[in-house]
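Structural overview
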Amino acid sequence: MVAVSLLGASQFARAADPAHPDQPIVSPAEAISRLKEGNGRFTAGNPQHPHDSVDERKYMAANSYENAGTIPLGMTSEQAAKRRAELAKSQHPFAIILSCSDSRVPPEIVFDEGLGDLFIVRVAGDVLNDEGLGSIEYAVDILGARLIDV
Amino acid sequence: MRRTTFAMGLVALALAVSASALAQTPTDATGKKAPAVQTAESQAALTPTSALEKLKKGNARFVEKNMRTRDWMAKVPATASGQHPFAAILACMDSRNPIEIIFDQGIGDVFGIRIAGNIVNDDELGSMEYATKVVGVKLIVVLGHTSCGAVKGAIDDAKLGNLTGLLAKIRPAVSASGPGSSKDDAYVTKVAQANVSQAMKEIREKSPTIKEQLDAGTVGLVGAIYDVSTGKVTFLPD
């Protein structure tokens, strides 16, 4: 697993990410351990399928005015921060996964995550192009994900 | 006499039920459920229409909270030597539409291509060409979704690093949808649909390999919209 931390893990020990003060804090180190734990559950044959039910989705829809995927790009950082605060209870994507299109590598399944947990960029050979990079920038700059896993 | 006939009927019914249950859940020598994965044979037996039907049924299972229980770790070794997925799905990167979950599919079932705003670029076209020509998928699905942040960004004509170029690819869908606001959910969905149609058009126009297979009817191409509040996938008319 090649993971890119976007900020030093130590910064998360005490304070929230200053760029996204109201985002639930999932530090790069914590995100890595969540992915490792999820894959551990998967390989142990004991997946929990978190957040993959219709109820979870309805909860997410009902408890947020709009979802993190809907923070308009034109927003000021104050507006975006306010919007994220509204979302914080229901939306919990903590990492971005750039992976291959191969049908045997569905990231949400091999990491045992569900709806709203992971941003996914997938293309054959997990190559990076401008639009893939733009997608990642969106997830980092606008939505506050703090780990990129290639 | 009547009671005996009734009892015999019950026995016959029980036998029929257990026989059909056995037929659906093949067991190996140890009595464990055999891993059902897509094989070259099961893939070859499918058509674009039956592949679409599998996805529709899978989404219905997801919406009805009747998702299949899978022995994931049996599927991993069973697919290690090759993949025979039946569909390729171009979908948004959004964390709310994990394609395998919303279509209730397992490992080795669907080929996934994901990018913000489910737009088409050369690498994705290459991925689709590989999926259809080499891997043998029967169906390409372009899946947009409601409340799409990339679509809203395109409506607002936002600029941000590498995202600017990506959003420019959605702009024709905005123009085609007439005037509207990114705060209007119905309008955002309308643009998302136009964006799906635009992607389908690009696939046909920019890939002679895929067009050839579409014309021959060996591969199908459909558009769909996933509703992030209901979980339902609506397939768009041709």
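Residues numbered from 1 in each chain as written. Chains lettered and ligands numbered in written order. Predicted model: local features only at pLDDT ≥ 70, side-chain atom pairs only at ≥ 80, totals over all residues.

**Overview of the overall build of chain B**
If you tally the helices and strands in chain B, you get eleven helices and five strands. The buried share among the 238 residues of chain B stands at 47%. (Helix = DSSP H or I, 4+ residues; strand = E, 2+ residues; numbered from the N terminus. Buried ≥ 20, exposed ≤ 12 C-beta atoms within 10 Å, placed from the backbone.)

**What to know about the overall build of chain A**
A tally of regular secondary structure across chain A gives six helices and four strands. For chain A, the α and β elements follow one another from N to C terminus as β-α-α-α-α-β-α-β-α-β. Counting all 150 residues of chain A, 45% fall into the buried class. Expressed as a percentage of contacts within chain A between residues at least 6 apart in sequence, the contacts between residues at least 24 apart total 68%. (Contact = placed C-beta atoms within 7 Å.)

**A word on the nonpolar core**
If you look at the biggest cluster of nonpolar residues, it comprises 88 residues, and the most contacted ones within it are A:Ile96, B:Ala87, B:Ile89, B:Leu139 and B:Val141. The greatest single-element share of this core, amounting to eight residues, is contributed by helix H10 (residues 185-206) of chain B. Setting aside anything within four residues of it in sequence, one finds B:Ile89 in contact with B:Ile99, B:Val110, B:Gly112, B:Ile113, B:Val141 and B:Leu143. (Core = buried A, V, L, I, M, F, W, Y, C linked by C-beta atoms within 7 Å.)

**What to know about helix H6 (residues 130-142) of chain A**
Residues and elements named next belong to chain A. Helix length check: H6 (13 residues) gives 17 Å between terminal C-alpha atoms against 18 Å at 1.5 Å per residue, within 8%. Within H6 the residues assigned to the buried category are Glu-131, Gly-132, Gly-134, Ser-135, Ile-136, Tyr-138, Ala-139 and Ile-142. Two residues or fewer past H6, Gly-144 is found with a positive phi of approximately 80°. (Expected span 1.5 Å × (residues − 1).)

**Brief notes about helix H2 (residues 28-43) of chain A**
Residue and element names in this part refer to chain A. Over its 16 residues, H2 extends 22 Å from the first C-alpha to the last, a length consistent with the 22 Å expected when each residue adds 1.5 Å. Of the positions making up H2, those classed as buried are Pro-28, Ala-31, Leu-35 and Gly-38. For H2, the angular spread of buried residues about the axis comes to 85°, placing them on one side. Backbone geometry just downstream of H2 places Gly-45 in the positive-phi region, at approximately 70°. (Arc of directions from axis to C-beta.)

**Some points on unusual backbone geometry**
Positioned with a positive phi, A:Asp112 is a non-glycine residue whose angle comes to about 50°. The residue A:Asp112 is located in the loop between helix H5 (107-110) and strand E3 (118-122) in this model. For B:Asp157, which is not glycine, the phi torsion reads 55° and is therefore positive. By the element assignment, B:Asp157 lies in the loop between helix H7 (149-155) and helix H8 (163-168).

**Things to note about the confidence of the model for chain B**
When the pLDDT values of chain B are averaged, the result is 87; 85% of them are 70 or greater. Scored as a complex, the prediction yields pTM 0.81 and ipTM 0.82. (pLDDT = per-residue confidence, 0-100.)

**Section: the interface of chain B and chain A**
With 49 residues of chain B in contact, the opposing surface of chain A contributes 47 residues. Secondary structure elements with two or more residues in the side of chain B that touches chain A: helix H3 (48-63), helix H4 (72-79), helix H5 (99-102), strand E2 (110-114), helix H6 (122-135), H7 and H8 of chain B. Of the residues in the side of chain B that touches chain A, the class split is 22 nonpolar, 17 polar and ten charged. (Nonpolar A, V, L, I, M, F, W, Y, C, P; charged D, E, K, R; others polar.)

**Thoughts on the environment of B:Lys56**
Checked against the element boundaries, B:Lys56 lands in helix H3. C-alpha separation for the pair B:Lys56 and B:Phe235, spaced 179 residues apart in sequence, amounts to 8.6 Å.

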